[in-house]
Amino acid sequence: MDDPQTSALLRELVLRLLPAGSPFSPDAALRYARRLLSSRLLSPSSLPADETSLSDSIKRQLALSGRTSAALAFSDLLHKLSMLSGPGSLRHRPALLLLLKSLSDHPASCVLPSLPLPASKKTAVQSTAGGVGGVLMLSKDPDNIREIALREYSDLAIEDAEIDEQTLVRDVLYAAQGIDGRFVRFDPRSDGYDLPETMRVPRSMRTMVRRLCELGWLFKKVRGFVSENMGQLAAAEVGTVAQAFCSALQDELSDYYKLLAVLESQALNPIPSTGSSSGDLRNYLSLRRLAVWLAEPMVRMRLMAVLVDGCKDLRGGAMAGAIHGHAQHGDPLVQEFMGRLLRRVCSPLFEMVRSWVLEGELEDLFSEFFILSQPVKAESLWREGYRIQTSMLPSFISQTLAQRILRTGKSINFLRVCCEDNGWADAAAEAAAHVGTTTRRGGLGYGETDALEALVVEAAKRIDRHLMDVIHKRYRFKDHCLAIKRYLLLGQGDFVQYLMDIVGPELSGPANTISSFQLAGLLETAIRASNAQYDDRDILDRLKVKMMEHGDGDRGWDVFSLEYDAMVPLDTVFTASVMKKYLRIFNYLWKLKRVEHALIRVWKTMKPNCIASCIFAKEGMGVKVQFVSVLRRCQVLWNEMNHFVTNFQYYIMFEVLEVSWARFSEEMDVTKDMDGLLAAHEKYLSSIMEKSLLGEKSQGIVRTLFALFDLILRFRSHAEMWFERIYELQIRGRGKSRSKAKDEFSKTNSWLEGGRKAMMQLAGEFIQKMGEDLDKIAAEYTSSLAVFISQLPMQQHVDLKFLLFRLDFTEYYSQLYPTK
Amino acid sequence: MEAEAARNAKETLELAFQISNILETGLDRHTLSLLIALLDRGVNPEALAALVRELSPPRQSSCAPIPPVTAPRQP
């Protein structure tokens, strides 16, 4: 400083710099300059020796302000400058660079408008302008101290602002790919990306960074789901729907990657500083621009994250249903996105439906389909083989459609497994052709529910028709039903009559002595003897005798029954439980028939013209009168019983069996699918059961009915006994009278007289006994019948009321037992 | 030798002036030559920069480049 040459130079500089009309006097300015140069703040020790870092910093600054060409020119000039050497060249190149840089930094400081640099400068100028210059004054001036502090602060702020927006943009782009950036890092504590607390960044910027980094969080979640599922792929735990979902997500993510790549390339363009009118219109990326760019991907990513969350524990149809639930959205963007996603997700599901409906194949390795198959025997394939799994049924397939889908595939499988028929393939192809869908894969997609429905309906129509054809024509369903009705429901009268005649004596023995082979032979005989012999051999072969489980005291009647072997595939209709019902009905009807048969047999013996009315003519009138009255009572009781049985049987045969059959055969002709057929048959059977008092509700009345039957059978056995005795007496009486007539002069006349008297007495006693028994049975019968008739109106079924009218046609019973 | 030194000095000054223009410091050639001379004598560059900032007339726009104050003069 003391160097005179330096002083001269300084003086010249000051004079040169001072503008004309400045308030400074040159001397004051020179003094100020000297003081400034020797001030402690700007000690020479702070001189940076490193030229490279200095030039780099300048270049960066130039590049940042969007003047890359200037930066290039600068480095070129610098190179030339360093080439110059020798006398006259620059001795302190770094010093010059530093000087120029500090001078050019000055305008750049307007990046931080919050720093009141211009103001401080002004105060400094004013303070010196006040003419109170001097070293001491300056260092003590509070304004100046503040200025220095501010300048230090501004330097610090500039240093902080090294995290400029561009770095942040790049960091955000990294975060959006789930990678930690330089500053923006994933914070496991708050579960999100954030800038470190210690970093001083404007609040608005921090908020925006946080908002943008939500994308990174969402992305991480989605990618986690995809990679997790893809990882399990080898272990074959991921269903096809989940695979499709993952691949769709993967595609969305790769679109997203593309966008990020574009954004990243744009992020390399420097952000022009505010107000620099360099006119550079190249694309650059600020946080705000980034926010605009990422708004749409954000919506999509958020949606994906929601789906990922919703589908975490779901699989198959349930997953598709859950995704479909999110697709019901008003936003066209969301709708379009979800549609795209769902088309991919549902394609395996639709493929399953297609192959199920057209080929009957259940390609469901991961149990994702809403139809579930169970390994069952052929006979229960239709009823239990397949069922709908409601949890897997996506909501865009309605319940009815699902049922139809189920039935169609089931029909195909039924045809294939039970009927060994291949005609369904043509039907399926025809249906597919009709709808216009190819039978190839991938013909259907989400959103084409109508097409799916059309396909299903067509396929169902054709395949059902084919199935019905097969059932009716090839397996003659109706013939078998008719055969069952004729033999098991005793519709073939002559056959039943013969069978009853032949088998009757056999069945009267105890159950354990009866051989079913012998009964089978008798059955064959009955068939030969009746019109049944003209029936189809195939049908007759299926008719078999069945002996039920029997206890100790059972008679043959209790255990005998007929059985019809329906064979595959008709055993789908005539299942074991259905056959059990038929068996019950058969036993019931058989009992009824037996009672009727027994009554008629008794009539043969007790017909009035069979009993010589004159047997006791010559002998005591008292006995005769007694006999005739007992006989008459017996006949009246028989008549009453016969009336009941006949009407009851008439009711069963004509009002129950025939009517039900007529309805059933009507429905059978109309119905178009197997389920309908099954339902019709079910209805037929249950209507028979109910109307013939075999239902749940009529257990009480049927007990009374059986009691009545038992009474009738008891009456029959008693009557048989009585008339045996009567015939015996008759024969003896006739023999006596004949011998008496022939042998008039016999010496043993008196003995005969005595014997005759004894016989008459015997007959009297017998008739007395018979009358008592008869009265007892009649009384029991009457009371049972009264119970039966009083119970009858309480039955639910309307047809049973007609039975009451029929039984009580003349209102005889209602007068006899007036309703209580 | 003397001529070469002068040529070198002139070239250096020219290059420095171009750099100065790129950096938009607003210095003219003469001022720059004075500054270089002072720097060669070991004056603290930052202090010099501060001095230039303080003394030069306030700019119209803080960010716009400033035309040279006076017409360049040959040293």
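Criteria and thresholds
Residues numbered from 1 in each chain as written. Chains lettered and ligands numbered in written order. Predicted model: local features only at pLDDT ≥ 70, side-chain atom pairs only at ≥ 80, totals over all residues. Helix = DSSP H or I, 4+ residues; strand = E, 2+ residues; numbered from the N terminus. Buried ≥ 20, exposed ≤ 12 C-beta atoms within 10 Å, placed from the backbone. Contact = placed C-beta atoms within 7 Å. Expected span 1.5 Å × (residues − 1). pLDDT = per-residue confidence, 0-100. Core = buried A, V, L, I, M, F, W, Y, C linked by C-beta atoms within 7 Å. Pairing = 2+ DSSP bridges. Axes fitted to C-alpha atoms, helices over the stretch in contact; angles between N-to-C directions. Parallel < 35°, antiparallel > 145°, perpendicular 65-115°, else oblique. Left-handed = near helix turned anticlockwise from the far one by under 90°. Nonpolar A, V, L, I, M, F, W, Y, C, P; charged D, E, K, R; others polar.

- An unreviewed UniProt entry lists chain B under the name Mitotic-spindle organizing protein 1, from Dioscorea alata.

- By the naming in an unreviewed UniProt entry, chain A goes by Gamma-tubulin complex component protein and is assigned to Dioscorea alata.

**Quick look at the overall build of chain B**
Here comes step 1: Within chain B, the secondary structure is distributed over three helices and zero strands.
Here comes step 2: Going from N to C terminus, chain B has its helices and strands arranged as α-α-α.
Here comes step 3: Out of the 75 residues in chain B, the part that is buried amounts to 44%.

**Considerations on the overall build of chain A**
Here comes step 1: Across its full length, chain A carries 30 helices and six strands.
Here comes step 2: The burial tally for chain A puts 32% of its 820 residues in the buried class.
Here comes step 3: Taking contacts inside chain A between residues at least 6 apart in sequence as the whole, the part at least 24 apart equals 70%.

**Re helix α24 (residues 576-606) of chain A**
Here comes step 1: In a regular helix each residue adds 1.5 Å, so 31 residues correspond to 45 Å; α24 of chain A covers 44 Å between its end C-alpha atoms and thus fits that length.
Here comes step 2: Those residues of α24 of chain A that sit buried are Tyr582, Ile585, Phe586, Tyr588, Leu589, Trp590, Lys593, Val595, Ala598, Leu599 and Val602 of chain A.

**With respect to the confidence of the model for chain A**
Residue and element names in this part refer to chain A.
Here comes step 1: Across chain A, the average pLDDT comes to 78, with 82% of residues at or above 70.
Here comes step 2: Ranking the elements of chain A by mean pLDDT puts helix α6 (residues 117-129) last, at 39, and helix α26 (residues 674-691) first, at 89.
Here comes step 3: This stretch, residues 274-281, has a pLDDT under 50; its non-local contacts, to residues over four places away or in other chains, come to nine contacts.
Here comes step 4: Below a pLDDT of 50 lies the segment residues 738-748, which in the model reaches one contact outside its immediate sequence neighbourhood of four places, other chains included.

**Re the nonpolar core**
Residues and elements named next belong to chain A.
Here comes step 1: Ranked by internal contacts, the top residues of the largest apolar core, which has 173 residues, are Val172, Val222, Phe245, Met319, Val345, Ala459 and Ile712.
Here comes step 2: Not counting the four nearest positions on each side in its chain, Ala459 is found in contact with Val357, Leu358, Thr408, Ala428 and Ala431.
Here comes step 3: Listed in part, the 42 residues of the second largest apolar core include Leu9, Val14, Leu81 and Leu96.

**Digging into unusual backbone geometry**
All names here are of chain A.
Here comes step 1: Of note, Arg476 is a non-glycine position whose phi angle comes to about 45 degrees, a positive value.
Here comes step 2: Tracing the chain through its elements places Arg476 in the loop between α18 (449-474) and α19 (477-488).
Here comes step 3: Phi at Leu490 takes a positive value of approximately 55 degrees, unusual for a residue other than glycine.
Here comes step 4: Relative to the helices and strands, Leu490 resides in the loop between α19 and α20 (493-507).
Here comes step 5: Among the residues examined, Leu490 registers 25 C-beta atoms within 10 Å and is labelled buried.

**Considerations on the pairing of strand β6 (residues 560-564) of chain A**
All names here are of chain A.
Here comes step 1: Every second residue of β6 is oriented toward a common face, the buried set being Phe560, Leu562 and Tyr564 and the non-buried set Ser561 and Glu563.
Here comes step 2: Strand direction decides the pairing type here: strand β5 (residues 543-547) and β6, joined by five bridges, are antiparallel. Counted as the bridge partner of Lys544 is Glu563 from β6.

**A few points about the packing of helix α14 (residues 332-359) of chain A against α18 of chain A**
Each pair of packed helices can be described by the angle between their axes along with the distance between the axes.
All names here are of chain A.
Here comes step 1: Relative orientation of the contacting elements α14 and α18 amounts to 15 degrees, with a least axis distance of 10 Å. As summarised for this structure, α14 and α18 are arranged roughly parallel, according to the angle between their axes. Both α14 and α18 take part in a crossing whose hand is left-handed. Along its contact with α14, which presents Phe350, Val353, Val357 and Leu358, the element α18 presents Leu452, Leu455, Val456 and Ala459.
Here comes step 2: Of the residues that constitute the contact of α14 with α18, the class distribution is eight nonpolar, no polar and no charged.

**A closer look at helix α3 (residues 45-55) of chain B**
Here comes step 1: The buried count for α3 of chain B comes to nine of 11 residues, which makes it a mostly enclosed element.
Here comes step 2: Regarding α3 of chain B, the residues found buried are Pro45, Glu46, Ala47, Leu48, Ala49, Ala50, Leu51, Val52 and Leu55 of chain B.

**Some details on the packing of α24 of chain A against α26 of chain A**
All names here are of chain A.
Here comes step 1: Where α24 meets α26, the axes come as close as 11 Å, and the angle between the chain directions of the two elements is 30 degrees. Of the possible angle classes, the one that applies to α24 and α26 is roughly parallel. Our pair here, α24 against α26, has a crossing hand that is left-handed. Judged by residue contacts, Val578, Lys581 and Ile585 of α24 engage Leu685, Ile688 and Met689 from α26.
Here comes step 2: Partitioning the contact of α24 with α26 into residue classes produces five nonpolar, no polar and one charged.

**Focus: the environment of Met579 of chain A**
Residues and elements named next belong to chain A.
Here comes step 1: Relative to the helices and strands, Met579 resides in helix α24.
Here comes step 2: Classification of Met579 as partly exposed rests on a count of 19 C-beta atoms within 10 Å.
Here comes step 3: Sequence separation of Met579 and Asp565 is 14 residues, and the distance between their C-alpha atoms is 9.0 Å.

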